[in-house]
Every structure is written in C-alpha cells, then in structure tokens.
Amino acid sequence: MSLRVSRHPLVQHKLGLLRRQDTSPWIFRRLVHELTLLLIYEATDDLRLRSEAVETPLEQTEVRTLSQRVGFAPILRAGLGMVEAALEMLPTADVRHLGMYRDHITLSPVEYYQRLTGTPPADVYLILDPMLATGQSAVHAVELLRRWGVSTVKFVGLIGAPEGADCLLGAFPDVDVHLAALDRQLNSSGYILPGLGDAGDRQFGTISL
Ligand code: URA
C-alpha cells in the first residue's frame, strides 16, 4: 500500500491558500497548476532511466534518459486544471480524458466519455483528479486503464479523505497515491472536510454548494 502525502513546505503553503473560501477562481486555478507541478515532480521520482551516450560540444559522455513513457488520465471536469502543469513537466505525454460525474444521490461515478482505443502508448499512467473523496471515481478510472492494458497506474490528487484512500488502496493496493493532504472525513453529501468545496466549481467559478 502506498499513500504519500507531500511534506514539502511549498505544497503546504499553496494548499493553505487554495482552501481559503475568499480565493478567487483565477488564483485557485493558478494554485492548482503550481501544486500539480510539485506533486508530479514527487510522483515521478521512481521512473526508470536508461544510459545513453551523447556528444557534448567538448566530448562524449553518458547521460540518463527516461525509459518509461508516461501518460496522464485527467478525470473531467476538475482534473482539467491539472493537465497543463502535468504537460509542462512531461510535454510528450499521452493524455486520455476520462469523463465521469458523481450521481448526487448514490455518489457513484457515471461514465460519459473515454477514448481508450488501440494499444496504450505509455507505460505508466497518472490519474489526475484534485479530490479523492469516496474513491469510487478513482477506482473506476483504474479499472478502465487496467482493462485497456496499462499495468502501472498512479493517482495524483490535491486532497484526499480517509474513506477515499481506503477505497482506492483496498481495491488496488499496487496503485501509488500522491496527495498534498489527507483530510478528516467526508460529509453526508460526499464533500471532504475541511476540504476546499467543489474543486470544479472553484476553478471555473460555477456555484453549487
Ligand atoms: N469533489 C470535490 O470537488 N470536492 C469534494 O469535497 C469532494 C468531491
């Protein structure tokens, strides 16, 4: 089981700003972007490398380059805000959007979009979703990727609830989960406490709470 909650001071500082209810949508989006850069950096620290000979302007040397291809699987809508930052770190990564919304009564994911066709072009896929709440969307996303033929899957989120982490790691103990914080609990509507509200609404300025 691998749950890693970042202890990086920049992550904690930016997360504090993100949680504030007076943080405006554009600053919120900026913070999601910056936090994603930092979390992707941490979540990719075990990617495999291979040695290669290159010519510098002065002589030949050995360098190490990535030997694993990385892909991103953002869960719509809130995961969209993490994509640009993820691509800033790995510009050639494959991106597969996974469209799911939460049924407000059952809190179960309802899938409405995915294009996981052909052979996966990457070896490792990182699911991007700011909130790991009940964990059901994350479990569904891992199932979709595994069915497509991806064996190494990681989850990168900003805030998780213990219920969500237990659900995801209970179903898939081999999935590494990277978060900026693990909060106290879910409320009866499936929101994370203390959390930050609805991550999609806060990024795009829509109101639902
Ligand atoms: N999704 C959100 O955006 N926020 C929560 O607190 C839970 C799920």
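Everything in this summary refers to the structure shown in the same document.

Rules of the game
- Position numbers for residues start from 1 in each chain and track the written sequence from start to end.
- Since the coordinates come from a predicted model, pLDDT governs what is reported: local features require at least 70, and pairs of side-chain atoms require 80 or more to be given and counted, while whole-chain, interface and lining totals use all residues.
- To obtain the side-chain values, all non-hydrogen atoms of the structure were included, while hydrogens and water were left out.
- Going along the chain from the N terminus, every DSSP run of H or I of four or more residues is numbered as a helix, and every run of E of two or more is numbered as a strand.
- Every radius of gyration here is taken over C-alpha atoms, with the globule rule written as 2.2 Å times N^0.38, N being the number of residues.
- With a 1.4 Å probe rolled over the protein chains alone, any residue whose accessible area is under 20% of its type maximum counts as buried; one over 50% counts as exposed, and the rest are partly exposed.
- Here, Shrake-Rupley sampling with a 1.4 Å probe gives the accessible areas, and only protein chains in the shown set may cover a residue.
- Here Asp and Glu are counted as negative and Lys and Arg as positive; His is not counted, and neither are the chain ends.
- All charge positions are set by atom: Lys at NZ, Arg at CZ, Asp at CG, Glu at CD.
- Working definition: a ring pair exists when centres of Phe, Tyr or Trp rings (six-membered ring for Trp) sit within 6.5 Å. Plane angles under 30 degrees give stacked, over 60 give edge-to-face, the rest tilted.
- Note on geometry: a ring has a charge over it if NZ (lysine) or CZ (arginine) is within 6 Å of the ring centre and within 35 degrees of the ring normal.
- Expected helix span is computed as 1.5 Å times (number of residues minus one).
- For every element, the axis is a line fit to its C-alpha atoms; helices are fit only across the contacting stretch, and the angle between N-to-C directions ranges from 0 to 180 degrees.
- Angular relationships are summarised with four words: roughly parallel below 35 degrees, roughly antiparallel beyond 145, roughly perpendicular across 65 to 115, and oblique for the angles in between.
- Should the near helix be turned anticlockwise from the far one by less than a right angle, the crossing is left-handed, and should it be turned clockwise, the crossing is right-handed.
- By definition in these notes, contact holds between two residues if any of their heavy atoms fall within 4.5 Å.
- Note that Gly is not counted as nonpolar here; it falls among the polar residues with everything else outside the nonpolar set of Ala, Val, Leu, Ile, Met, Phe, Trp, Tyr, Cys and Pro and the charged set of Asp, Glu, Lys and Arg.
- Each residue is tested against the molecule or strand, and it is near if at least one of its non-hydrogen atoms lies within 4 Å.
- Under the rule applied, a polar contact is a pair of N or O atoms within 3.5 Å (in protein, one hydrogen donor and one hydrogen acceptor; residues adjacent in sequence only if both atoms are side-chain atoms).
- Strand pairing is assigned whenever DSSP detects at least two bridges linking the two strands.

1. Quick notes on the overall build of the chain
And then number 1: Tallying secondary structure elements over the chain gives six helices and 15 strands in all.
And then number 2: Relative to the compact-globule value of 17 Å for 209 residues, the chain shows a C-alpha radius of gyration of 18 Å, a close match.
And then number 3: Across its three principal directions, the C-alpha atoms of the chain cover 60 × 35 × 30 Å.
And then number 4: Going through the 209 residues of the chain one by one, you find that 48% of them count as buried.
And then number 5: Accessible area of the chain: about 10,700 Å², with a carbon and sulfur share of 53%.
And then number 6: In the chain, 20 positive and 24 negative side-chain charges are present, and the distance between their average locations comes to 3 Å.

2. Regarding the packing of aromatic side chains
And then number 1: All told, the structure shown has two aromatic pairs when counted by the stated rule.
And then number 2: Positioned above the aromatic ring of Tyr191 is the side chain of Arg102, whose terminal nitrogen or guanidinium carbon lies 5.7 Å from the ring centre.

3. Let's talk about helix α2 (residues 25-43)
And then number 1: With 19 residues, α2 should cover 27 Å at 1.5 Å per step; its first-to-last C-alpha distance of 26 Å lies within 8% of that length.
And then number 2: Among all positions in α2, only Phe28, Leu31, Val32, His33, Glu34, Leu35, Thr36, Leu39, Ile40, Glu42 and Ala43 are buried.

4. Overview of the packing of α2 against helix α3 (residues 80-89)
To describe two helices that pack against each other, one gives the angle between their axes and the distance between the axes.
And then number 1: Orientation of α2 relative to α3, taken along the N-to-C sense of each, is 45°, at an axis distance of 8 Å. Looking at the two axes, α2 sits oblique to α3. Where α2 crosses over α3, the two elements pack in a sense that is right-handed. Contact residues: α2 offers Val32, His33, Thr36, Leu37, Ile40 and Tyr41, while α3 offers Gly81, Met82, Glu84, Ala85, Ala86, Glu88 and Met89.
And then number 2: Looking at the contact of α2 with α3, its residues break down into eight nonpolar, three polar and two charged.

5. Some thoughts on the environment of Val139
And then number 1: Position of Val139 among the secondary structure elements: in helix α4 (residues 136-148).
And then number 2: Classification of Val139 as buried rests on a relative accessible area of 12%.
And then number 3: Each residue touching Val139, except ones within four places of it in the same chain, is listed here: Cys167, Leu168, Ala171 and Phe172.

6. Some thoughts on the site of the ligand
And then number 1: The environment of the ligand is formed by Arg102, Met131, Ala133, Gly190, Tyr191, Ile192, Gly197, Asp198 and Ala199.
And then number 2: Ile192 is positioned such that a nitrogen or oxygen atom in its backbone is 2.8 Å from an oxygen atom of the ligand.
And then number 3: Contact between the ligand and Ala199: an oxygen atom at 2.7 Å from a main-chain N or O atom of the residue.
And then number 4: Starting from 240 Å² of accessible surface for the ligand in isolation, the protein chains cover 90%.
And then number 5: Class assignment for the residues of the shell around the ligand results in five nonpolar, two polar and two charged.

7. Digging into the sheet that holds strand β9 (residues 131-132)
And then number 1: Spatial ordering of the open sheet is given by β9-β11-β13, a layout of three strands whose pairing is parallel. The sheet terminates laterally at β9 and β13 (181-182), the two strands that pair on one side only.

8. Description of unusual backbone geometry
And then number 1: The omega torsion of the bond from Leu76 to Arg77 falls at 5°, within 30 degrees of zero and hence cis.
And then number 2: Along the chain, Arg77 turns up in the loop between β4 (70-76) and α3.
And then number 3: Across the junction of Leu193 and Pro194, the peptide omega takes the value 0°, indicating a cis bond.
And then number 4: Position of Pro194 among the secondary structure elements: in the loop between β15 (192-193) and α6 (199-204).

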